[in-house]
Amino acid sequence: MHTYIVTVTAADRVGIIHAVTGAISEQGGTIKELSQTVLRGYFTIILAVEFDGPRDPKGLREAVHTRGERFDLNVAVIPDEGRHVDPVPGGERFILTVLGQDRPGTIHRIAGSLARRGVNIVDLHARTEGPRFSLVMEAYLPPELGPAELRGELEQFGAELGMEVYLQHENIFLATNEPRPVRVGSARNPEGSDVVVPH
Amino acid sequence: MYRTEDVLATLGMVRQHKLDVRTVTMGIDLQSCAAPDVATLCDRVRHRLLHFAGRLREVCQEVQGRYGIPIVNRRIAVSPIASVAAGHDTEGLVAVARTLDATAAEVGVDLVGGFTAQVQKGWTEAEKRLIEALPVVLSTTRRVCSSVNVGTTAAGINMDAIALLGRVLVDTAERTRASDGFGCAKLVIFGNAPTDNPFMAGAFHGAGEPDCVINIGVSGPGVVKAAVEDLVRNAKVRPTLGEIAEEIKSTAFRVTRVGELIGREVASRLGVAFGIVDLSLAPTPQVGDSVGEILQAMGVERLGAPGSTAALALLNDAVKKGGSFASSSVGGLSGAFVAVSEDAALAQAVACGDLTLAKLEAMTAVCSVGLDMIAVPGDTDPETLAALIADEVAIGVINHKTTAVRIIPVPGKAAGERAVFGGLFGEMDILPIHAAGGSTAFVRHGGRIPAPLSSLRN
């Protein structure tokens, strides 16, 4: 099997997903994973598509673009060569929240301090509403980095920026927002230290 | 991907509304420590506490660090000492209490509960001795908490024990006169006591429990109050009481889940059983951390006014429903506490004359505890205190629920004067007891009030 990563960006309109998936289907591809969002009126999607034989990325890009011509799609296709490795092996997932006055460079500075500690950001959503800035980030902490230690650093960093910074383990949000049984340990690591505790 | 709104809602509970794990309480069975000589008994008690609770402080700190949820107190609840120390004299009982006190300090817990006797149907020699030893124990130890169960729906009410406890309260108060009778704040007198309650002063490790268990007391009056306030403020149309109950339920769900998460993690790290989460709205004297303020948010501006009981009933029931859905391991008391001196809004309502002892008694018929942290005049006679206990226990026994009494006769002070207990125990104006001394003969009859009928329930 041959996998390609397809990304598409365009001004949001009705029918884009229909066009993109239609092109993939015509080319004989199967979608293995997909994530899509709309930000300030702009649609963006990333897909992992599997084919039974090799494809020319350029041809694939052309096919998607042509099928969605009326949407003026920006399309990019790269082959998934299976070279990706887990950036934080054995890490646990935490939610980082930043709230405060909007100011330039906040995300850059926070991302920099996380990168220095080996923290891998896997999901990030930030927005400004008037002068208020909010950011919610999902990130993997390396096992050797204690959350209390990082929390202290980030709070101090936040204080310097005049912002509130909170680091909470994912389990807190799973417990409070999902009705399934409470889990302790690493909730997404069934082969690791995961403990699913039935009631 | 989490919705930003969900993340902020959960975060807000911790950040703004003082959600915390009020107590991680380790229950430890001490039955195997029984020994014919006191020194051996005390030595066994100490070693067993060290064995199970030696890492409690360290593990709680680890879990607090991992989750960023404050664990405010660590506590230990032990088997009723009246059974463990049966056969020993008063000096022996006091020695056990001092061992508990010292070992609690050694392992870094602030209170240890279980200096307890269960005498609802009658008392053994040991249980009577334990109750008689209470004034000495409560006035000479710092961390030891006591409870006495004097009634159950199945057995009735032991009025002899209640009469003795009236005298014990007066003696204990006198011995702790300098702190406004504070020794009495460490004694809870129960009807239908739960065996797995993690909250002090009434925690003990009851029959049917394993060797060691972790029980969690979660609180969150601030969280519930904020949820009700937001609902009322943001709704375009005034919300109905049914809608308010739904809001409390969903908030209770979230609070309970946090407690269960922390409890299971602590238990797992210590390698002991997880017991229950007790979601009780336990107030602290801090503004914003008050059960009274929840009732005010529901529209009962003057606490003690007609409607207070109905509002409290709604609150208590909604908390239980939300908690029950969140976890199958809900136990203990799980409801709303109306601990007067510990709740700034309730204490204020007493000070301005809105909230009376009679109204509090009515409210306790629908809440989860009873007459809790209530200062009464120091010259109240023992029989009147006993009668007050009997009334409260009767409410629990007849209604198949737990009730408890924690009253403090404040030596040298009269109704309207200020009693100050300090810290989380708060302060309040001393409440008068109406018609005090008017039921002495009733109490002096003694004996047992028979168990209530369980049929013809109308």
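The structure presented is a predicted model; accordingly, all values stated were derived computationally and were not measured. (Residues numbered from 1 in each chain as written. Chains lettered and ligands numbered in written order. Predicted model: local features only at pLDDT ≥ 70, side-chain atom pairs only at ≥ 80, totals over all residues.)

1. Re the overall build of chain A
So, step 1. Each helix and strand in chain A was counted, giving 5 helices and 10 strands.
So, step 2. Principal-axis analysis of the C-alpha atoms gives chain A an extent of 50 × 45 × 35 Å.
So, step 3. Relative to its 199 residues, chain A shows a buried fraction of 27%. (Helix = DSSP H or I, 4+ residues; strand = E, 2+ residues; numbered from the N terminus. Buried ≥ 20, exposed ≤ 12 C-beta atoms within 10 Å, placed from the backbone.)

2. Structural notes on the interface of chain A and chain B
Interfaces are often sized by the amount of accessible area the parts lose when they come together.
So, step 1. Across the boundary between the two partners, chain A contributes 25 residues, which contact 23 residues of chain B.
So, step 2. Among the elements of the structure, strand 5 (92–101), strand 6 (120–129), strand 7 (132–141), helix 4 (147–161), strand 8 (163–169) and helix 5 (170–177) of chain A are those that each provide at least two residues to the side of chain A that touches chain B.
So, step 3. In terms of residues, the side of chain A that touches chain B owes the most to one element, helix 5 of chain A, which gives 6 residues.
So, step 4. Grouping the constituent residues of the side of chain A that touches chain B by class yields 13 nonpolar, 10 polar and 2 charged. (Contact = placed C-beta atoms within 7 Å. Nonpolar A, V, L, I, M, F, W, Y, C, P; charged D, E, K, R; others polar.)

3. A short note on the domain arrangement of chain A
So, step 1. Each assigned domain of chain A is listed with its residue range as follows: domain 1 (2–80) and domain 2 (92–195).
So, step 2. Distance from the C-alpha centre of domain 1 of chain A to the C-alpha centre of domain 2 of chain A: 31 Å. (Domains from an automatic or database assignment.)

4. Section: helix 5 (residues 90–107) of chain B
All names here are of chain B.
So, step 1. In this model helix 5 runs 26 Å from its N-terminal to its C-terminal C-alpha over 18 residues, within 8% of the 26 Å that 1.5 Å per residue would give.
So, step 2. Buried residues of helix 5: Leu-93, Val-96, Ala-97, Thr-99, Leu-100, Thr-103, Ala-104 and Val-107, and no others. Projection of helix 5 onto a plane perpendicular to its axis shows the buried side chains occupying an angular sector of 155°, all on one side.
So, step 3. A positive backbone phi angle near 75° is found at Gly-108, which sits one or two residues after helix 5. (Expected span 1.5 Å × (residues − 1). Arc of directions from axis to C-beta.)

5. Observations regarding the UniProt feature "domain: ACT" (unreviewed entry) in chain A
Residues and elements named next belong to chain A.
So, step 1. UniProt annotation of "domain: ACT" (unreviewed entry) refers to residues 5–80 and 95–168 when read in the numbering used here.
So, step 2. Across residues 5–80, the secondary structure splits into 29% helix and 45% strand, with the terminal C-alpha atoms separated by 6 Å.
So, step 3. End C-alpha atoms of residues 95–168 are separated by 5 Å, and the span's content is 35% helix alongside 45% strand. (UniProt positions renumbered as here; feature names shortened; annotations may be inferred.)

6. Overview of unusual backbone geometry
Trans is the prevailing form of peptide bonds, just as negative phi is the prevailing case for residues other than glycine.
Residues and elements named next belong to chain B.
So, step 1. Along the chain, Met-200 connects to Ala-201 via a cis peptide bond; the corresponding omega equals 15°.
So, step 2. Mapped onto the elements, Ala-201 comes out in the loop between strand 6 (187–191) and strand 7 (212–218).
So, step 3. You will see that Asp-180, though not glycine, has its phi angle at about 60°, which is positive.
So, step 4. One can find Asp-180 in the loop between helix 7 (159–175) and strand 6.

7. Concerning the sheet that holds strand 5 of chain A
Residues and elements named next belong to chain A.
So, step 1. The strand order 6-7-5-8 describes an open sheet built from 4 strands, whose pairing is antiparallel. Of all strands in the sheet, those with a lone pairing partner are strand 6 and strand 8, marking the two edges. Across the sheet, the axes of successive neighbouring strands diverge by a mean angle of 15°, strand direction being ignored.
So, step 2. Two strands pair when backbone bridges link them, and strand 5 and strand 8 are joined in this way by 7 bridges, in the antiparallel orientation. (Pairing = 2+ DSSP bridges. Axes fitted to C-alpha atoms, helices over the stretch in contact; angles between N-to-C directions.)

8. A look at the sheet that holds strand 4 (residues 74–80) of chain A
All names here are of chain A.
So, step 1. Spatially, 4 strands are ordered 2-3-1-4 in an open sheet, and the strand pairing comes out antiparallel. The outermost strands of the open sheet, each flanked by one partner alone, are strand 2 (30–39) and strand 4. In this sheet, adjacent strand axes meet at a mean angle of 15° when their direction is disregarded.
So, step 2. Where strand 1 (residues 2–11) and strand 3 (residues 42–51) come together, 10 bridges link them in antiparallel fashion. Bridge pairing in strand 3 places Ala-11 opposite Tyr-42.
So, step 3. Helix 2 (residues 57–67) rests against strand 1 and strand 4 of the sheet, and its axis sits at about 145° to strand 4.

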